[in-house]
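For reference, the chains in residue letters:
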Amino acid sequence: MTGRWYMRTIRGDFDGIAARFGISKIAARVLVNRGMSNDEDIDEYLNAEEKELARPELMRDLTNACEILNRKINEGEKIRIIGDYDVDGVCSTFVLYDFFRSMGADISYVIPHRVQDGYGINIDIVNKAKEDGIDTIVTCDNGIAAYEQVKHAKEIGLTVLITDHHDIPVNNDLPPADTVTNPKREDCNYPFKGLCGAGVAYQLINHYAEKYGNNSAKLKTEIKNKYLAFTALATICDVMELIGENRIIVKKGLKAIYNTENVGLRALLEVSGLVNKDEITVYHCGFIIGPMINASGRLESAVKAIKLFLESDRERALSEANELQGLNNERKDITEQSLIRATEIAESSEYLNDKVLVILVPDCHESIAGIVAGRIKEKFYKPTLIFTYAERGIKGSGRSIEDYNMFEEISKCSECFSKFGGHPMAAGFSLKGETTEEQIEVFNKLRKMLNENTTLTEEELKPKIFFDMELPPYYVTEELIEELLRFEPYGTGNKVPTFARRNMYIQTYRVIGKNNNAIKLELTDGGEGQVHNAIWFGDASVFEEYLLNKEEKKLDIIYSPQINEYRGFKNIQLKIEEYR
């Protein structure tokens, strides 16, 4: 699929930035493209590892929450953490529970079941807390939209402290809790708004330690050693933008994960084969460790992951980590089966002209519908809604593309849903209907409505691909590559620097990889003559077919430069991100 290529053309004082910070003009331009508009931003970006987070007390209600918690702990009242079943929910629950347990709190935790309870605090969880003699509920990674649930908790005499990071409800109607700590509140003076749930929890325990802990300086060091790793893991796995304070958290936190003394997290590193790596990366967190934690919440209970992080016995921890790895492998198999079926449907003649893919995969586990929707969206670059037969009727998840506001579009079809919610890029929904037959009728109606009403053009169904600048490969040196390594960690909001070059001639290429999933190339740049090594990862047959249909064996490429090390030899290599 040929995307729409765009060069970032943000203007800036490239010469001045290069001179003031001792970097090349190429690196200066990349920084400006990342939104670095002043020296303070650039200094924080380049020296994130030396920076500290803002003062926690700047967060609205955080001081009050700590004061209430200290009083409740001293009075011996029972406290319950209500978390969530994803990585951020698990990590923030662990951070709060483990820390306040060490502070002498009579504390417990509950993680809602993904299928039986759904997301966040609910009335049943509130009532169970009351039955159990709980005095105070603390939410993490949820609660900001739970107006009715919190109202009910207050009516039956519970103290409720909300900690969350999700968007404030449109009507700005905050739940009637005793405190609501969320950096996205309009009246919150905390300077960075993009923390994840564990980031908010981390700041809360930092302030509590400083104000109420014995030997607060030592305690804050212990907090960093014990909990920064989990905060970084949650930040990455919740796909937060790796800018500002998140960059500080992740830059330091990746080293904290590598050096962790948490027996459970160490066990996950061991069973994943990561303990002997030179470093832990964003990729390791997002695609290896995180999915194992998520698998417990998808197929069984996220409580398994929290118990692992609380485990002190290495052998038991390894056994539990292996169990999570097994669940993740099972999740992968289930996902692959559903993905094959969804792909077959999307490629069928019936769906050929659909610009919005509305697909029913009856056997898809409801907890992985979102994963399948995301994969189908990436494959076809079309808004995708995947439905399945769930315990309570036909339910689904959707993932969107840049030019299609999914929440806005499904809102126009609200008559089809018994329940729905989401944002421009993702949504979840349940179909109306008392019987399966009625719901199938609604499903067909929804597919028809979304496709008949869409204004998506063929051009908008091509992905937008941005690069930093046009750069002939002969400008790429080992020094430039080393310089760009300072911009790591890469991820959402901080993409790998990429460059473009037109008319690169293919001198040779060969298929490599046991699954024929890569191409090694030798390229030349016009009349310059120098041979540049390059590599492209993907289906080799697709690449070869593309070349066969070209009159000239030349390509326009978007690439990221890297150092390739093999058997003790190092050379510069262009990793081809896109070609045409």
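Residues numbered from 1 in each chain as written. Predicted model: local features only at pLDDT ≥ 70, side-chain atom pairs only at ≥ 80, totals over all residues. Heavy atoms only, no water.

Identification of the protein chain as Single-stranded-DNA-specific exonuclease RecJ from Catonella morbi ATCC 51271 is taken from an unreviewed UniProt entry. Comment text from UniProt for the protein chain, heading Sequence similarities (unreviewed entry), reads "Belongs to the RecJ family." (UniProt positions renumbered as here; feature names shortened; annotations may be inferred.)

Asks: Looking at this structure, how should I read the layout of surface pockets?
Replies: In this approach the atoms are scanned with a rolling probe the size of a water molecule, which exposes any empty space left behind. Volume-wise, the second largest pocket comes out at about 380 Å³. Along the walls of the second largest pocket sit 19 residues, with Glu-40, Asp-41, Glu-44, Gly-244 and Glu-245 positioned nearest its centre. The set of elements that each furnish at least two residues to the lining of the second largest pocket consists of α3 (39-46) and α10 (244-258). Here the lining of the second largest pocket takes five residues from α3, the largest share from any one element. (1 Å grid on protein atoms, 1.4 Å probe; cavity = no way out; pocket = protein on both sides within 12 Å on 5 of 7 lines; lining within 4 Å. Points joined across faces, edges and corners; volume = space filled by probe spheres on them. Helix = DSSP H or I, 4+ residues; strand = E, 2+ residues; numbered from the N terminus.)

Asks: Could you clarify how one ought to interpret the UniProt feature "domain: DHHA1" (unreviewed entry) in the protein chain in this entry?
Replies: When the UniProt feature table is mapped onto this chain numbering, "domain: DHHA1" (unreviewed entry) sits at residues 353-445. Taken end to end, residues 353-445 has its terminal C-alpha atoms 16 Å apart, with 30% of it in helix and 33% in strand.

Asks: Got a minute to help me understand unusual backbone geometry in this structure?
Replies: Residue Pro-489 is bonded to the preceding Glu-488 through a cis peptide linkage, with omega at 5°. Among the structural elements, Pro-489 can be located in the loop between α18 (478-485) and β14 (499-512). In this structure, Asp-141 is a non-glycine residue whose phi angle is positive, near 65°. Topologically, Asp-141 is positioned in the loop between β4 (136-139) and α7 (147-155). The class for Asp-141 is buried, based on a relative accessible area of 0%. Phi at Asn-516 is positive, roughly 50°, even though this residue is not glycine. Counting through the fold element by element, Asn-516 comes out in the loop between β14 and β15 (518-525). Given a relative accessible area of 46%, Asn-516 falls into the partly exposed group. (Buried < 20%, exposed > 50% of the residue type's maximum accessible area, 1.4 Å probe, protein only.)

Asks: Sorry if this is basic, but what is going on with helix α14 (residues 314-347) here?
Replies: Along an α-helix, residues three or four apart share an orientation, since each turn contains 3.6 residues. Taking 1.5 Å per residue as the helical rise, α14 with its 34 residues ought to reach 50 Å, and the 48 Å between its terminal C-alpha atoms agrees with that figure. Two or three places before Glu-315, at the opening of α14, Asp-313 has a side-chain oxygen 3.2 Å from that residue's backbone nitrogen. (Expected span 1.5 Å × (residues − 1). Polar contact = N/O pair within 3.5 Å; in protein donor to acceptor, adjacent residues only side chain to side chain.)

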